[in-house]
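Structural overview
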Amino acid sequence: MGFINDAKAQEAGKRAREAYTNGDYVLVYKFIEANTSSKATAPMTGIADQIQAVESNGWMLSNMAAAEGKALTGERVALICLFRRRS
């Protein structure tokens, strides 16, 4: 995992722990990944690492929506993920 992806996964894990500690039952999280070619099929390892960081803190991915856009810095993929607490 690269430095940026590692930092994003650590932040996602931290936020997931805080929400769990606060007693929240739903966590909605936005993940953004730079994409070198949106038309290519490939693993999104940075996103996978971040989702795993959230799930390792007692959450389970329930739903996900994706959107693609072009910012000034290039193409981006945004995933909006709905997590629910594990029983």
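In case you missed it, the structure is sitting above this.
All of the points below concern the structure found in this document. A quick note: this is a predicted structure, and the numbers were derived from the prediction, not measured.

**Topic: the overall build of the protein**
Along the protein, the regular secondary structure elements total two helices and three strands. The helix and strand sequence of the protein, counted from the amino end, reads α-β-α-β-β. Taken across its 87 residues, the protein has 28% of its residues classed as buried. Contacts spanning at least 24 positions in sequence make up 65% of the contacts within the protein whose residues lie at least 6 apart. About 5,900 Å² of surface is accessible on the protein, with carbon and sulfur atoms providing 54% of the total.

**Observations regarding the environment of I32**
In this fold, I32 is placed in strand β1 (residues 26-34). Sequence-wise, I32 and A66 are 34 residues apart; in three dimensions their C-alpha atoms are separated by 9.8 Å. Those residues within four positions of I32 in sequence are excluded, and the remaining contacts are K8, I47, R76, V77 and A78.

**Notes on the packing of helix α1 (residues 3-21) against helix α2 (residues 45-55)**
Where α1 contacts α2, the axes come no closer than 8 Å and their chain directions differ by 25°. Relative to α2, the element α1 lies roughly parallel. Between α1 and α2 the crossing geometry is right-handed. On α2, the residues touching N5, K8, A9, A12, G13 and A16 of α1 are G46, D49, Q50, A53 and V54.

**Observations regarding the nonpolar core**
Within soluble globular proteins, side chains that are nonpolar generally end up buried alongside one another. In this structure, L27, F31, V54, W59 and F83 are the most contacted members of the largest nonpolar core, which totals 14 residues. Those elements giving two or more residues to this core turn out to be α1, β1, α2 and β3 (74-85). Per-element tally for this core: the top contributor is β3, with four residues. Apart from the residues lying within four places of it in its own chain, the contact partners of V54 are A12, A16, L27, F31, W59 and F83.

**Points about the pattern of salt bridges**
Applying the stated criterion across every chain, the model contains one salt bridge. One salt bridge connects E11 with R15, and the closest N-O pair in it is separated by 2.8 Å. With E11 and R15 both in helix α1, this residue pair falls four residues apart, about one helical turn. Look at E11 and you get partly exposed, because its relative accessible area is 30%. A residue is classified by how much of its surface remains accessible, and R15, at 43% relative accessible area, is partly exposed.

**Details of α1**
For an α-helix the count is 3.6 residues per turn, leaving residues at separations of three or four pointing the same way. Over its 19 residues, α1 runs 27 Å from end to end, which matches the ideal 27 Å to within 8%, given 1.5 Å per residue. Just downstream of α1 lies G23, where phi reads positive at about 85°.

**Notes on the side chain of Q50**
As for its placement among the helices and strands, Q50 is situated in helix α2. Here G46 takes part through its backbone oxygen, which lies 3.1 Å from a polar atom of the side chain of Q50. Other than its neighbours up to four places away in sequence, Q50 contacts K8, A9, A12 and F31.

Calculation criteria
Position numbers for residues count from 1 along each chain, tracking the sequence in the order it is written. This being a predicted model, a pLDDT of at least 70 is required before a residue's local features are given, and a value of 80 or more before pairs of side-chain atoms are given or counted; all residues contribute to the totals for chains, interfaces and linings. Hydrogen atoms and water are omitted, and side-chain values are computed over all heavy atoms in the structure. Each helix is a run of H or I in the DSSP string that is no shorter than four residues. Each strand is a run of E no shorter than two, and both are numbered from the N terminus. Exposure is judged per residue with a 1.4 Å probe applied to protein chains only, and the accessible area is read against the type maximum: over 50% gives exposed, under 20% gives buried, and values in between give partly exposed. By definition, residues are in contact when any of their heavy atoms lie within 4.5 Å. Each accessible area is a Shrake-Rupley estimate made with a 1.4 Å probe; only the visible protein chains count as cover when residues are assessed. Structural elements are reduced to axes, namely lines fitted to C-alpha atoms, with helices fitted over the stretch in contact, and the angle between N-to-C directions of any two is expressed from 0 to 180 degrees. An angle below 35 degrees is read as roughly parallel, one above 145 as roughly antiparallel, one from 65 to 115 as roughly perpendicular, and any other as oblique. Crossings are sorted by hand: turned counterclockwise from the far helix by less than a right angle, the near helix makes the crossing left-handed, and turned clockwise it makes it right-handed. For our purposes a nonpolar core is just a set of buried Ala, Val, Leu, Ile, Met, Phe, Trp, Tyr and Cys residues, chained together by side-chain atoms within 4.5 Å. The working definition used for a salt bridge is a side-chain nitrogen of Lys or Arg within 4 Å of a carboxyl oxygen of Asp or Glu. Helix span, as expected, comes to 1.5 Å for every residue beyond the first. In protein, a polar contact requires one atom able to donate a hydrogen and another able to accept it; more generally it is a pair of N or O atoms within 3.5 Å, and residues adjacent in sequence count only if both atoms are side-chain atoms.

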